[in-house]
Amino acid sequence: MTPDVGWRRLPLIACLLGAGAAPACSRRETPPLPAGAAEPVAAAAPAEGPREGERSPVVSRVERNGLSIALELRPLPGAGDRPEARTDATAVFTITDAVTGAPARDLGPLAWMSRRAGAPPDDAGCQEKIKSFMAGRLAVRPDVDMNEYLLWTQNQGNTLSVINPQLAFTRSKLRSLVTLAAGSTALALHPDGDRLYVTLQGAHGLAVVDTRRGVVTANVPVGAEPMRVAVAPDGKTVWVGNDGDGTVSVVDARAASVLKTLRAGPGHHELAFSGRGRTAWITSRDAGTVTAVDTGTLEPVAEIEIGAGAAAVAASDAANAVYVANEPRGEIVILDADRRAVAGRVAVKAGVSAVAFAPDGRFAFALNPAKGEVSILDASTGSLAHTLPGFATPDAITFTDTYAYVRNLGESRVSLIELPSLDRPGKPAVVDVQIGQQPPRSAKGARGAAPFAVLPEGNGAIVASPADKVLYYYVEGLMAPLGTLSNYGREPRAALIEDRSLKEVQPGVYAATVRLGDEGVHDVELLLRGRGVAACLEATVAPSAVPVEDRSPGLTVEPLFDAGVDLEVSRPATLRFRATPKAGAPPLEAKEMQVMIFRFPVGFRDTVQPRAEPDGAFSVTFTPPEPGEYRFLLEAGSRNAPLGALPSIALHAASPGAAPEAGGAR
């Protein structure tokens, strides 16, 4: 089954039509303002006039159903310094009670922009356009979608895939592929959503990925064998556990430089934060200690002996406690977060290797792959509440508001534990959903990854299946996935969602970073799911400071090999090429580019970062796996050349002995 845009739209249409409480109508937590955006003001007064060459803020107002709605488009600060960002802006909706002026909260807005072709739409026309956008009709597509989210996958090897799971009508849902300096071990998204931090194997440290451009902007040297990575809740620091030298590197999230290296003890390290991020907790598996660190001063404030074997740690501010899973001892050690001391020990079974708190912070779930069990602890009593058998090597867990999702490494199923049932008498309700064709353990190295990406609506998840090399889209209430997303032959180990949709950044103020469409008058279609209100506003997109011709790909590609000469199967060929930026642009660097070579029309696919050659050219090495037609594609997102923007170069591979030497000449 192939997924389409209707996956996400079905519950939204129910909201529009007033068909009860659909899952997508649920309240979301208030996140920070999008990265780089100016703070919204309480009233929607126009901002200062624009600087020369900058698009002006636009304010449009309308009243609907007792609500006053104001829209402002704000250029991103510093966008003029980055050509690829000159059409970016922050869309800010300020919504208040029309009589009292009180902020209108928890409205769950959806919004689109479409270039006006005739007269402004009336109320009926506005609602019809919104229904069309939500239904994914081919004939009616917005110029700007403010409800976008992207799926990032950590792949086996040295790549990250960026997939748009909402697209159904383009040739490929793969937005881009990010090539890393080495294979990755873990990843963490910044709260702003504009940076992704990836720990790399070997001596390659921590990669910092600009999610807006899809490029690696820095590789930060940290300690030996970096494994776990976590971003502090305030977004100011990134913490990296270095298993090879017993340290934790604390990295400045913005400057991408190491602030301090902490001694944490030998062995594997896990990380958690408590006290709204004021305290970091670091486990040392071999030393048998947990170190508490003040995140403001970066100074250790306690070292707590718990016994060797710490495999996982989780913190709950609601319970004011930190839980540590001790694998060989078969116990959960409970730490008092204020006193920084052991408050209790709960016996489970040897082999417990993961622990996580449900969203309300009361119940903790401990996974035991060795015994095939999930133990559930009640933090309000500090005791074991339930022990659930029947799992097949449970190794990963995530949560929505309704369910705990448990991966079974040994079988192709995901077990959903109903959270509300934990408070009811008897055994908690568990539903098994068949997801995938092969068990995850069929893919080497799959254990311990984070395969779940919870949908922004909070009513399902995208599940990475490394063995099947696809991602499954599951919505709660179904007994099977709704569809699949291809990862184009790569093994997805972990997945997360970068949510770019409108969020309530202050009471009654909703914002998102958007890429504006062409200049001219646009209708801005707005649906307030919390009230069932639809409205259309107006926005004028001013001419861009970037000439129209500069919006085309910012480079040209010239092959320095004879594409008409056959390559030989199983024989490496060096393919040299020249990539020339537009006049006046800085020279290209190899790290800005990626080359994809794929079997045409389907089959083998590989993406690599080119090497810089002494004469200013670039090269890649390609070993054809089988005879046939191939295509050579270059992408450079930072130069406005995403995958598919530049013409492909045809290649042909012949059987061994049938092809003359190819590549590298000229």
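Position numbers for residues count from 1 along each chain, tracking the sequence in the order it is written. Where local features are concerned, this predicted model is filtered to residues with pLDDT of at least 70; where side-chain atom pairs are given and counted, the filter is 80 or more; whole-chain, interface and lining totals use all residues. Side-chain numbers come from the whole structure's heavy atoms, not from hydrogens or water.

Some details on the overall build of the chain
So, point 1. Strands are runs of DSSP state E lasting at least two residues, helices are runs of H or I lasting at least four, and both sets are numbered from the N terminus onward. Looking only at helices and strands, the chain features 2 helices and 50 strands.
So, point 2. A buried classification covers 55% of the 666 residues belonging to the chain.
So, point 3. For this analysis, residues touch if any pair of their heavy atoms sits within 4.5 Å. Counting only contacts in the chain whose residues sit at least 6 apart along the sequence, the fraction spanning at least 24 positions is 54%.
So, point 4. For the area figures, the Shrake-Rupley method with a 1.4 Å probe applies, and any residue is considered shielded solely by the protein chains shown. Roughly 27,100 Å² of accessible area belongs to the chain as shown, and the carbon and sulfur atoms make up 50% of that amount. Here's how the labels work: a residue is buried when its accessible area is under 20% of the maximum for its type, exposed when over 50%, partly exposed in between, all with a 1.4 Å probe on protein chains only.

What to know about the sheet that holds strand β27 (residues 373-378)
So, point 1. Strand pairing follows a simple DSSP-based rule, namely that at least 2 bridges must link the two strands. The antiparallel open sheet is built from 4 strands, whose spatial order is β25-β26-β27-β28. At either end of the open sheet lies a strand with only one pairing partner, and these are β25 (354-357) and β28 (383-388). Adjacent strand axes in the sheet meet at a mean angle of 20°, parallel and antiparallel pairs treated alike.
So, point 2. Here β27 pairs with β28 via 5 bridges, running antiparallel. Its bridge partner lying in β28, D378 is registered against S383. Between the N-to-C directions of two axes lies an angle of 0 to 180 degrees, each axis being a line fitted to C-alpha atoms and, for a helix, fitted only over the stretch in contact.

Quick word on the nonpolar core
So, point 1. Definition used in this section: a nonpolar core is a set of buried Ala, Val, Leu, Ile, Met, Phe, Trp, Tyr and Cys residues joined via side-chain atoms within 4.5 Å. The biggest cluster of nonpolar side chains holds 28 residues, and the ones touching the most others in it are I69, F93, I95, M113 and M146.
So, point 2. Looking at this core, the elements that each hand over two or more residues are β2 (67-75), β3 (88-97), β4 (109-115), β39 (509-515), β40 (520-528) and β41 (533-541).
So, point 3. For this core, the leading source of residues is β41, giving 5 residues.
So, point 4. In contact with F93, not counting residues within four places along its chain, are I69, A70, L71, A111, M146, L502, G508, V509, Y510, V524, L526 and L537.

Some words on the state of the cysteines
Working definition of a disulfide: a covalent bond connecting the sulfur atoms of two cysteines.
So, point 1. Two cysteine sulfurs form what is called a disulfide whenever their separation falls within 2.5 Å. Counted according to the given criterion, the structure contains 1 disulfide.
So, point 2. One disulfide bridge connects C126 with C536, the sulfur atoms lying 2.2 Å from each other. Across the S-S bond linking C126 and C536, the dihedral sits near 100°, which makes this disulfide right-handed. Taken as a pair, C126 in helix α2 (residues 123-135) and C536 in strand β41 lie far apart in primary sequence, 410 residues in all.
So, point 3. By relative accessible area, C126 is classed as buried at 3%.

Some points on the confidence of the model for the chain
So, point 1. Confidence per residue, as judged by the predictor, is encoded in pLDDT with a range of 0 to 100. In this model, the chain carries a mean pLDDT of 85, and residues with pLDDT of at least 70 account for 84%.
So, point 2. The low-confidence segment residues 1-56, where pLDDT is below 50, has 133 contacts with residues more than four positions distant or belonging to other chains.
So, point 3. Segment residues 659-666 is flagged for pLDDT under 50; beyond a separation of four residues in sequence, or across chains, it makes 27 contacts in the model.

Overview of the pattern of salt bridges
So, point 1. Any carboxyl oxygen of Asp or Glu within 4 Å of a side-chain nitrogen of Lys or Arg constitutes a salt bridge here. Within this structure, the stated rule accounts for 33 salt bridges.
So, point 2. Residue R105 is joined to E504 by a salt bridge in which the shortest nitrogen-to-oxygen separation is 2.9 Å. One end of the pair, R105, is in the loop between β3 and β4; the other, E504, is in strand β38 (residues 503-506), and 399 residues separate them in sequence.
So, point 3. Among the salt bridges present, the one from R571 reaches E568, with a minimum N-O distance of 3.6 Å.

Considerations on the packing of aromatic side chains
So, point 1. For this analysis, a ring pair means two rings from Phe, Tyr or Trp (six-membered ring only for Trp) whose centres lie within 6.5 Å, classed as stacked if their planes differ by under 30 degrees, edge-to-face if by over 60, and tilted for the remaining angles. Taken as a whole and assessed by the stated rule, the structure comprises 10 aromatic pairs.
So, point 2. Look at F622 and Y630: their rings are 5.3 Å apart centre to centre, the planes differ by 65°, and that puts the pair in the edge-to-face class.
So, point 3. The class for Y630 is buried, based on a relative accessible area of 0%.
So, point 4. In textbook terms, an aromatic cluster arises when at least three aromatic residues are bridged by ring pairs, as seen for F561, F577, F618 and F632.

Remarks on the environment of A645
So, point 1. Mapped onto the secondary structure, A645 falls in the loop between β49 (628-635) and β50 (649-654).
So, point 2. With relative accessibility at 34%, the residue A645 sits in the partly exposed group.
So, point 3. In this structure, the C-alpha to C-alpha distance between A645 and P553, residues 92 residues apart in sequence, is 6.7 Å.

With respect to the environment of D192
So, point 1. Within the element layout of this structure, D192 appears in the loop between β9 (184-189) and β10 (195-200).
So, point 2. Each C-alpha atom of the pair D192 and G235 lies 7.7 Å from the other, and the pair is 43 residues apart in sequence.
So, point 3. In the analysis that follows, any N or O atom pair within 3.5 Å is treated as a polar contact, provided that within protein one partner can donate a hydrogen and the other can accept it, and provided that, for residues neighboring in sequence, both atoms belong to side chains. Polar side-chain contacts of D192 include one of 2.8 Å to the side chain of R254.

A look at the pairing of β39
So, point 1. Along β39, 6 of the 7 residues are buried, which leaves the element largely enclosed by surrounding structure.
So, point 2. Summarising the sheet, β3 and β39 pair through 7 bridges and their orientation is antiparallel. Residue pairing for β39: A89 is matched across the bridge by V514.
So, point 3. Bridge count between β38 and β39: 3 bridges; the pairing is antiparallel.

A few points about the sheet that holds strand β15 (residues 247-252)
Adjacent strands of a sheet form backbone hydrogen bonds with each other and so pair up, either parallel or antiparallel.
So, point 1. Pairing is antiparallel across the open sheet formed by 4 strands, whose spatial order is β13-β14-β15-β16. For this open sheet the edge positions go to β13 (226-231) and β16 (257-263), each flanked by a neighbour on one side alone. Looking at each pair of strands side by side, their axes are set apart by 20° on average, direction ignored.

Remarks on the pairing of β25
So, point 1. Neither face of β25 is left uncovered, since the one carrying A354 and A356 and the one carrying V355 and F357 both have all their residues buried.
So, point 2. Bridge analysis of β25 against strand β26 (residues 363-368) gives 4 bridges, and the strand direction is antiparallel. The residue bridging F357 from the neighbouring strand is A364, located in β26.

Describing unusual backbone geometry
So, point 1. Phi is positive for L298, close to 60°, though the residue is something other than glycine.
So, point 2. On the basis of relative accessible area, L298 is assigned to the buried category, the value being 10%.

Things to note about the environment of V557
So, point 1. Tracing the backbone through its elements, the reader meets V557 in strand β42 (residues 555-559).
So, point 2. C-alpha separation for the pair V557 and T580, spaced 23 residues apart in sequence, amounts to 6.5 Å.
So, point 3. Once residues lying within four places of it in the same chain are set aside, the contact partners of V557 are F577, R578, L634 and L646.

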